[in-house]
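# Coordinates in review
One letter stands for each residue in the lines below.
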Amino acid sequence: MLFNTLNFLLFLPVVIGMYYLIPNRSRWILLFVASCYFYMVFYPPYVLILFAVILIDYFCGLKMENAKGFRRKLFLILSVVGNIGILGYFKYSNFLATSWIDFSVFAHFKTSMHVSDILLPIGLSFHTFQSLSYTIEVYRGKQKAERHIGYFANYVLFFPQMVAGPIERYNRLGVQLRENHPYAYENIAAGFKMVLYGLFVKMCIADNMAPIVNAVYEHPEKFSQLSVITALIAFSLQIYADFYGYSTIALGAAKMMGINLMDNFKQPYFATSIRDFWKRWHISLSSWFRDYVFIPMGGSRVNLFRFIINILFLFALSGFWHGANYTFIIWGALHGLAYLLEYGVMKISFIEKMAQNRMVKFIHGVKTFLIVTFIWIFFRAENMTNAKQIIHAIIYSSKEKITPLLIQWWVLIPFLIFIAVEILIRKNRIDNWLGGKKVFLRWSFYFVMLMCIMLFSGIKSYPFIYFRF
Amino acid sequence: MKQTGIKFAALGVLLVVSLFLSNIIYSKWFYKDDLIETDAKMLLELDSLQNVNDIIYFAESSNATTGYYDTCKKSISELIADQLKNKSLGTIQHAAIHAKTYLELIKNIRPDSKVKTIIVTMNLRSFDADWINSKLETPLMRANVMYAQLPAIIKKLMISFSAYDDKVEYLRNKERAHHWKHDPIIVPENFPYKNVKDWDGAIFSKLFDQPKTRDLTCAYIKTYGFSIDTLTNPRIKDFDEIVKVAKEKNLHLVFNLLAENVQYADSLVGKELVSLIKQNRDLLMQRYNKNGVIVVDNLELVNGKEFCDQDWTTEHYVQSGRIRIAGNVFATAAVYLK
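All figures in this text were calculated on a predicted structure; none of them were measured in a lab.

## Re the sheet that holds strand β5 (residues 294-297) of chain B
All names here are of chain B. One open sheet accounts for 5 strands, arranged β2-β1-β3-β4-β5; its pairing is parallel. Looking at which strands have only one partner, the edges of the open sheet turn out to be β2 (89-93) and β5. Along the sheet, successive strands turn relative to each other by an average axial angle of 20°, direction set aside. Packing of helix α14 (residues 271-290) onto the sheet brings it into contact with β3 (117-122), β4 (252-257) and β5, and relative to β5 it is tilted by some 155°. In the packing of helix α15 (residues 319-332) onto the sheet, contacts are made with β3, β4 and β5, and the angle to β5 comes to roughly 150°.

Written out as structure tokens, the structure is:
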């Protein structure tokens, strides 16, 4: 089920209503059923994949807790192989098959490998990583194994965040799912603000950027250089608004049940460096990779050469996590490269001192936005050829008849409202910021959001981009 | 708790006020653009046509697709219009639409309109699993929302919140494959294949070395290899609803059952497929004649060579085919057209 559908707008109040009507001891059943239904609206048979993930990690967690030495490690390996195996089969097998077929053509040999017709389960990378974090924590002895399979299942399945995060740790979400959350108007109000704002961001910003981006990425050769650059900036906005909108709705839906999910964004386009950007963008994934990949690899306490390799590997892996395509690996690797370049430059002492200046900070902010925007090309492009076409279209003017890029004038209205709100709430979250305002301002905000959603939401609904990861 | 109730009530009021205001703004400045953007501009065409025409012809691409060598490029509806003496005919046409769209449009014919008769294209292929589960259904269903008789802002919100059949292509393909495997077909008992999947698979293997013939033959099997189930087929429901709405609006109703390339179906696949095509035709004729609808039977009216597309299954006819169909419609439905 998508958040920006009528189904969800009916589903959410029903679940919230029932959640507060039933006693806490039975809520896990409600959440389990609701989450399964939420997922099965997409493609019912795939709920079995989630059950497999749950069963593997539940039993591995239990067995691991009391095991020692190699036996303990064995259950961790079983959990990793189980999760990565499922992820690998559904998400990466076709990529590997295609790569092998391409290589066989290149190397002139025959192969019986074929590409299968698999529908990628939505959000598979999210729930496998979330579930994996639990078994790793149990292995490390930092987390007690969950004995109640229902609570553990809800940790993996919790519908507000199951398909696109935030990737929560068991010690945050698991604990909250067990706690009693009595009805509190404040939670409903805060959740409502977030859901409303999230819908506005997704439907009025992301979905209005999508047609601009799609038109240019489909036929970059037909557009002027200015149009292509406009589409690149539009994609920067689209991907942010799409994911930020989703995360805000997820946080809001959970908040309505008294559950606090972690913030996944902190205004990443205000970042002044690539390092800063990754502290603000998709925070739950960055911290997952930091805790379970980067630090075990030695983190930054290694020699320079190893550090460079670690960073490049980490970013390329993060890219590959997003999608089974070379474009995603390059997207990640370019971020790694930009990170390392900045790291090197900032080692020069006078530049580091200058960076404290407000004007220089602003320039760094613009520079970071431009670098990130350029690198998004590889994230958005269908394949490497498409990415090359886009870069070519930026550098060289089109030889074909130029198609004007159609942007409706009214798109500016929600866009300016969005920018204004983001500047106003800087370093805060919409519910917290708005919660402290006077009644008139709060209700004016609701009114403006409702009017914007009604008037300016895109007429074609686009699935959340991160759902396919 | 009382205060919470008041706040929820206030939110409800705010929602209603927002809907009311946005409906005014949206209808005035955005609605027409969105009709065009969602490929639903036929509603605007219908609005103007129904004030000046006695007859409206609802059609898809079969109406106006012409052959390369045609000297006369007139559409079927224009050819019918040429034969009318005192009546005028307007055409509503869009590629790849089907009865569900016609139905939604017919609902928009006003009681005070000039229209007295409607001719609705009945395409046999639109009853098959391939068309029913086509990826084109998603944009068609979206456009159909725009035809609904609801306040403009509600239609906009229904589209924005995907309140229509918005399935991904993979799921549509799965459903189609399911129908091909499980839908029974009425064939002689000694016929070795009991469903389209087996039939198609066997012919595919048999003609494996002749790709052109193989693909065309298999296309005929997948297109026409079905027996209409009147209880479950969504097109039957649409046409039934059209009959009901036409009655309510006191409109004379004509279904124009299009010609199919029965000759090629026979030569490529054989008599079993032709038998299925004819069974379906007979079923439709009986079902709707019984309901007081004039069903024009063009099924075998056009020869194989008179189809524009010789290498696929379509209802696009060259000049002679279109003329013959127009003549047949005029003759069969003379009571409403003369």
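We are not done yet, so read on.
## Examining the domain arrangement of chain A
Frequently, the measure chosen for interface size is the accessible area that the parts lose on association. All names here are of chain A. Examined at the domain level, chain A breaks down into domain 1 (6-182) and domain 2 (187-456). The gap between the C-alpha centroids of domain 1 and domain 2 is 26 Å. Of the residues lining the interface, 36 residues belong to domain 1; the matching set on domain 2 comes to 35 residues. Of the roughly 3000 Å² buried between domain 1 and domain 2 on both sides combined, carbon and sulfur atoms contribute 68%. Broken down residue by residue, the surface that domain 1 buries against domain 2 is led by Phe95, Phe129 and Pro166, which jointly contribute 19%. There are 1 salt bridge connecting domain 1 and domain 2. Arg169 serves as the salt-bridge partner of Asp291, at 2.9 Å between the closest nitrogen and oxygen. Where domain 1 meets domain 2, there are 21 residue pairs in polar contact (both at pLDDT 80 or more). Elements with a minimum of two residues in the side of domain 1 that touches domain 2: α1 (6-21), α4 (69-106), α5 (124-139) and α7 (170-178).

## Side note on a positive patch on the surface
On the surface, Arg358(A), Lys361(A), Arg426(A) and Lys427(A) cluster together to form a positively charged patch. With respect to the helices and strands, Lys361(A) occurs in helix α15 (residues 358-380).

## Concerning the environment of Leu124(B)
All names here are of chain B. Along the polypeptide, Leu124 turns up in the loop between β3 and α6 (129-132). We classify Leu124 as buried; its relative accessible area is 0%. In this structure, the C-alpha to C-alpha distance between Leu124 and Phe330, residues 206 residues apart in sequence, is 20 Å.

## Remarks on the state of the cysteines
All names here are of chain A. Inspection of the entire model under this criterion finds 0 disulfides over all chains. With no disulfide of its own, Cys204 lies closest to Cys452 among cysteine sulfurs, the gap being 5.5 Å. Among the residues examined, Cys204 registers a relative accessible area of 1% and is labelled buried.

## What to know about the pattern of salt bridges
Residue and element names in this part refer to chain B. Across all of its chains, the model carries 35 salt bridges over all chains by this definition. Taking the shortest distance from any N to any O, the salt bridge between Asp130 and Arg176 comes out at 2.9 Å. Taken together, the positions of Asp130 in helix α6 and Arg176 in helix α9 (residues 169-182) put the pair 46 residues apart, joining distant regions of the chain. Salt bridges sharing partners connect three or more residues here, namely Lys278, Arg281, Asp282, Asp297 and Glu300.

## With respect to helix α11 (residues 283-294) of chain A
Residue and element names in this part refer to chain A. Most of α11 sits inside the fold, with 10 of its 12 residues counted as buried. Along α11, the positions that sit buried rather than exposed are Ile283, Ser284, Leu285, Ser287, Trp288, Phe289, Asp291, Tyr292, Val293 and Phe294. Considering only its buried residues, α11 is in contact with α5, α10 (274-280) and α12 (304-322).

## Focus: the packing of helix α8 (residues 185-218) of chain A against helix α9 (residues 225-256) of chain A
Residues and elements named next belong to chain A. Viewed as axis vectors pointing N to C, α8 and α9 meet at an angle of 155°, and their least axial separation amounts to 6 Å. When the axis of α8 is compared with that of α9, the two are roughly antiparallel. Here the hand of the crossing between α8 and α9 comes out left-handed. Among the residues making up the contact of α8 with α9, the classes are represented as 28 nonpolar, 8 polar and 3 charged.

## Examining the packing of helix α4 (residues 76-83) of chain B against α15(B)
Residue and element names in this part refer to chain B. Interaxial distance between α4 and α15 falls to 8 Å at its minimum, and their mutual angle equals 50°. As judged from the angle between their axes, α4 and α15 are oblique. α15 is crossed by α4, and the crossing has right-handed handedness. Contact residues: Ile76, Leu79, Ile80 and Gln83 in α4; Arg322, Ile323, Ile325, Ala326, Gly327, Val329 and Phe330 in α15. Split by residue class, the contact of α4 with α15 holds 8 nonpolar, 2 polar and 1 charged.

## So, the side chain of His98(B)
Residue and element names in this part refer to chain B. As for its position among the elements, His98 is in the loop between β2 and α5 (99-106). Overall, the relative accessible area of 1% leaves His98 in the buried class. Among the polar contacts listed, one links the side chain of His98 to the side chain of Glu137, at a separation of 2.7 Å. For His98, the contacting residues outside a window of four places in its chain are Ser126, Trp131, Glu137, Leu140, Met141, Arg235 and Asp238.

Definitions and cut-offs
Residues numbered from 1 in each chain as written. Chains lettered and ligands numbered in written order. Predicted model: local features only at pLDDT ≥ 70, side-chain atom pairs only at ≥ 80, totals over all residues. Heavy atoms only, no water. Pairing = 2+ DSSP bridges. Helix = DSSP H or I, 4+ residues; strand = E, 2+ residues; numbered from the N terminus. Axes fitted to C-alpha atoms, helices over the stretch in contact; angles between N-to-C directions. Contact = heavy atoms within 4.5 Å. Domains from an automatic or database assignment. Buried area = accessible area lost by both parts, 1.4 Å probe. Salt bridge = Lys/Arg side-chain N within 4 Å of Asp/Glu carboxyl O. Polar contact = N/O pair within 3.5 Å; in protein donor to acceptor, adjacent residues only side chain to side chain. Patch = residues over 30% accessible without salt bridge, like charges linked within 9 Å, V, L, I, M, F, W, Y side chains within 5 Å. Areas by Shrake-Rupley, 256 points an atom, 1.4 Å probe, with all protein chains shown as cover. Lys, Arg positive; Asp, Glu negative; His and termini not counted. Charge placed at Lys NZ, Arg CZ, Asp CG, Glu CD. Buried < 20%, exposed > 50% of the residue type's maximum accessible area, 1.4 Å probe, protein only. Disulfide = S-S within 2.5 Å. Parallel < 35°, antiparallel > 145°, perpendicular 65-115°, else oblique. Left-handed = near helix turned anticlockwise from the far one by under 90°. Nonpolar A, V, L, I, M, F, W, Y, C, P; charged D, E, K, R; others polar.

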